[in-house]
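# Topology and contacts: notes
What follows is the residue order along each chain.
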Amino acid sequence: MEESNTVWCRLWQPVGAGRKRPAALLLHWLGGNFSALEIVGQKLASEGIPALLMYMPEYGPRRSNDPEKRTKLMKMDMARTLGNLRQAVLDARRAGDWLASRPDVDPSRVGIVGISLGAIVGSLTAGVDDRFGRSVFMIGGGDLPAVIFNGSRETKAAKATMEAAGHTVDDLRKLWRDIEPLTFASRIRPEEILMINAESDEVIPRECTIKLHEAMGRPEIRWFKGGHYAILIQLGPALK
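For clarity, every value in this text was computed on a predicted model and none was experimentally measured.

### Notes on the side chain of H213
Locating H213 in the fold gives a position in helix α8 (residues 206–215). When its relative accessible area of 11% is taken as the criterion, H213 is described as buried. Beyond its immediate chain neighbours, meaning those up to four positions away, H213 contacts M195, R218, P219 and I221.

The structure is reproduced here in structure tokens:
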């Protein structure tokens, strides 16, 4: 889709210049609401950290101008979904390159902050590209087929599509291996990762979070009370 060919981003730049700083790439969640990460971007910049929000394929300014062609990620056909996930990883890597090239950024200290879908894409990106350093993955997990077949409101349409096509969790694990965070998680340095997850997450099953946590070498993990969207009302403590 032509609108997705241009990768749009939004940058929060700290006041002052002259010294190399760590920087963060921000990756948003499935619903396409960017307000939570806008708060994160403002907070990081106030602490002296440049933050770049990248809009993933078919989100924000990358959505189709034709309303009839606008489809949420989990309602797309499998080929389109996989293509967009692969493209999101490629775009994230290039966005990291752009941050690292800035005169006010230490290229060895570029990390990722991802929420929900952003945590999935972020952990996949960090596994594929080990140039990303300290990163925070919020309400994410691994084993994408298990997430889909969990049957939450957010993945209900995708589950129905997969079942109608005759797919099972086991064959999707084979088909989706190259876009699965668990595949590359062992390449991530656990001492550079913080996971923040919900105790009663209805979208990302707890066992999927545990699988990713184990595959990454058991990085630090913090559990917040509540479900998937409770993180919004607990964003202040999470930022601290």
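Having put the structure on the table, let's press on.
### Thoughts on empty space enclosed by the protein
Tallying each qualifying case throughout the model produces three cavities of 30 Å³ or more. Along its surface, the largest cavity is lined by A126, D130, F132, G133, R187, I188, R189, E192 and I193.

### Here's the deal with the environment of A36
By secondary structure assignment, the location of A36 is in helix α1 (residues 35–46). Its relative accessible area of 7% is what places A36 among the buried residues. Sequence separation between A36 and I233 is 197 residues, and the spatial gap between their C-alpha atoms is 9.9 Å. Apart from residues lying up to four places away in sequence, A36 is in contact with I115, L232 and L235.

### Focus: the pairing of strand β6 (residues 193–198)
β6 sits mainly inside the fold: five of its six residues count as buried. Taking the sense of rotation as the criterion, the β-α-β connection linking β6, α8 and strand β7 (residues 220–224) turns out right-handed.

### Quick look at the nonpolar core
The tendency in soluble globular proteins is for nonpolar side chains to be buried side by side. Ranked by size, the top nonpolar core spans 68 residues in total, and within it L25, L26, M56, V121, M138, W176 and M216 carry the most contacts. If near-sequence neighbours (up to four positions away) are discounted, W176 is found in contact with M78, L82, L144, P145, I148 and M162.

### Looking at unusual backbone geometry
With a phi angle near 70 degrees, E58 is a residue other than glycine that sits in the positive phi range. Its place among the elements puts E58 in the loop between β3 (51–54) and α2 (78–100). For S116, which is not a glycine, the phi torsion comes out positive at approximately 60 degrees. Along the chain, S116 turns up in the loop between β4 (105–115) and α3 (117–128). Classification of S116 by relative accessible area gives buried; the value is 6%.

### Observations regarding the sheet that holds β6
Overall, mixed pairing links the seven strands, which are arranged β1-β3-β2-β4-β5-β6-β7 in an open sheet. Here the strands that pair on one side only, and so sit at the sheet edges, are β1 (9–12) and β7. If you compare each strand with its neighbour and ignore which way they point, the axes differ by 15 degrees on average. In this sheet, β7 lies alongside β6 in parallel orientation, the contact comprising five bridges. Bridge assignment links A198 to a residue of β7, and that residue is F224. In the packing of α2 onto the sheet, contacts are made with β1, β2 (21–27), β3 and β4, and the angle to β3 comes to roughly 155 degrees.

Cut-offs and rules
Residues numbered from 1 in each chain as written. Predicted model: local features only at pLDDT ≥ 70, side-chain atom pairs only at ≥ 80, totals over all residues. Heavy atoms only, no water. Helix = DSSP H or I, 4+ residues; strand = E, 2+ residues; numbered from the N terminus. Buried < 20%, exposed > 50% of the residue type's maximum accessible area, 1.4 Å probe, protein only. Contact = heavy atoms within 4.5 Å. 1 Å grid on protein atoms, 1.4 Å probe; cavity = no way out; pocket = protein on both sides within 12 Å on 5 of 7 lines; lining within 4 Å. Points joined across faces, edges and corners; volume = space filled by probe spheres on them. Right-handed = clockwise from strand over helix to strand, strands pointing away. Core = buried A, V, L, I, M, F, W, Y, C linked by side-chain atoms within 4.5 Å. Pairing = 2+ DSSP bridges. Axes fitted to C-alpha atoms, helices over the stretch in contact; angles between N-to-C directions.

It is worth stressing that arrangement in space is one thing and function is another; only the former is reported here.
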